[in-house]
Amino acid sequence: MIYVFLLEPLFYQALGLATLVMALWALSDAVRRKPAAFDAAGKRTKGFWLALTGGAAAVGILGTLSPGSLLPFTLAGLVAASVYLADVKPSIGGSGRGSSGPYNRW
C-alpha cells in the first residue's frame, strides 16, 4: 500500500509534463497559422486559441514543477490542448498527410 503513495507524485508530474508538451505543440502550431484560416474553417479566432493554449502551457509548467497541486487545472489544460490538436488543427489544414479523406474532407 505504501507504494501507491510513492508513485502518486510521479504520476502527477508525468501528467503535468504531458500537458506541457501537448500545449507547447498546440501553441506553436497556432502561432504559425494565419488568422484567416481559423475564420475560413468556422472555428474560434486565432487570439482565442493562442490564449487557451498559452494558458494550458503555463498550467503545464506549474503542474510539472508542483505535481498534484493544480490537478483540475492540469486536466483542463490537457483537454484544451487535445481539442486544438484533434479538432481545430485538422480543420484548418494542419495534418501532415493531407486533410482529405477518400471521399471528402474529414
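Predicted model only: the values in this text are computed from it and were never measured.

1. Structural notes on the overall build of the chain
- The number of helices and strands found in the chain is four helices and zero strands.
- Taken from N to C terminus, the helices and strands of the chain fall in the order α-α-α-α.
- Taking all 106 residues of the chain together, the buried fraction comes to 31%.
- Within the chain, counting contacts between residues at least 6 apart in sequence, those at least 24 apart form 70% of the total.
- With the model as given, the accessible surface of the chain reaches about 6800 Å², and the carbon-plus-sulfur share is 70%.

2. Here we look at the packing of aromatic side chains
- Applying the stated criterion across every chain yields a total of three aromatic pairs.
- Between Phe-48 and Trp-49, the aromatic rings sit 5.2 Å apart at their centres with planes inclined by 85 degrees, giving edge-to-face as the arrangement.
- Ring-pair connections join several aromatic residues into one group, and the members of that group are Phe-48, Trp-49 and Tyr-84.
- The cationic tip of Arg-44 hangs over the ring face of Phe-48; the distance from NZ or CZ to the ring centre is 4.5 Å.

3. Some words on the pattern of salt bridges
- By the definition in use, this model includes three salt bridges.
- Arg-33 serves as the salt-bridge partner of Asp-29, at 2.8 Å between the closest nitrogen and oxygen. The pair Asp-29 / Arg-33 is uniform in exposure class, with both members buried.
- A salt bridge links Asp-87 to Lys-43; the nearest nitrogen and oxygen atoms lie 3.1 Å apart. In this pair, Asp-87 sits in helix H4 (residues 71-91) while Lys-43 sits in the loop between helix H2 (35-40) and helix H3 (46-65), placing the two residues 44 residues apart along the sequence.
- Assessed through its relative accessible area of 36%, Asp-87 is described here as partly exposed.
- Several salt bridges share partner residues, and in doing so they unite Asp-29, Arg-32 and Arg-33 into one network.

4. Focus: empty space enclosed by the protein
- Applying the stated rule across the entire model yields one cavity of 30 Å³ or more.
- Of the pockets and cavities examined, the largest cavity occupies roughly 40 Å³.
- Together, Tyr-12, Leu-15, Gly-16, Gly-63, Gly-68, Ser-69, Leu-70, Leu-71 and Thr-74 line the largest cavity.
- Of all the secondary-structure elements, those providing two or more residues to the lining of the largest cavity are helix H1 (2-32) and H4.
- The biggest single contributor to the lining of the largest cavity is H1, with three residues.
- Of the residues assigned to the lining of the largest cavity, the class counts are four nonpolar, five polar and no charged.

5. Re a nonpolar patch on the surface
- Taken together, the side chains of Ile-2, Tyr-3, Phe-5, Leu-6, Leu-7 and Leu-10 make up a nonpolar region of the molecular surface, amounting to roughly 720 Å² of accessible area.
- Mapped onto the elements of the fold, Tyr-3 is located in helix H1.

Reading the values: the criteria
Residues numbered from 1 in each chain as written. Predicted model: local features only at pLDDT ≥ 70, side-chain atom pairs only at ≥ 80, totals over all residues. Heavy atoms only, no water. Helix = DSSP H or I, 4+ residues; strand = E, 2+ residues; numbered from the N terminus. Buried < 20%, exposed > 50% of the residue type's maximum accessible area, 1.4 Å probe, protein only. Contact = heavy atoms within 4.5 Å. Areas by Shrake-Rupley, 256 points an atom, 1.4 Å probe, with all protein chains shown as cover. Phe/Tyr/Trp six-rings, centres within 6.5 Å; stacked < 30°, edge-to-face > 60°. Lys NZ or Arg CZ within 6 Å of the ring centre and 35° of its normal. Salt bridge = Lys/Arg side-chain N within 4 Å of Asp/Glu carboxyl O. 1 Å grid on protein atoms, 1.4 Å probe; cavity = no way out; pocket = protein on both sides within 12 Å on 5 of 7 lines; lining within 4 Å. Points joined across faces, edges and corners; volume = space filled by probe spheres on them. Nonpolar A, V, L, I, M, F, W, Y, C, P; charged D, E, K, R; others polar. Patch = residues over 30% accessible without salt bridge, like charges linked within 9 Å, V, L, I, M, F, W, Y side chains within 5 Å.

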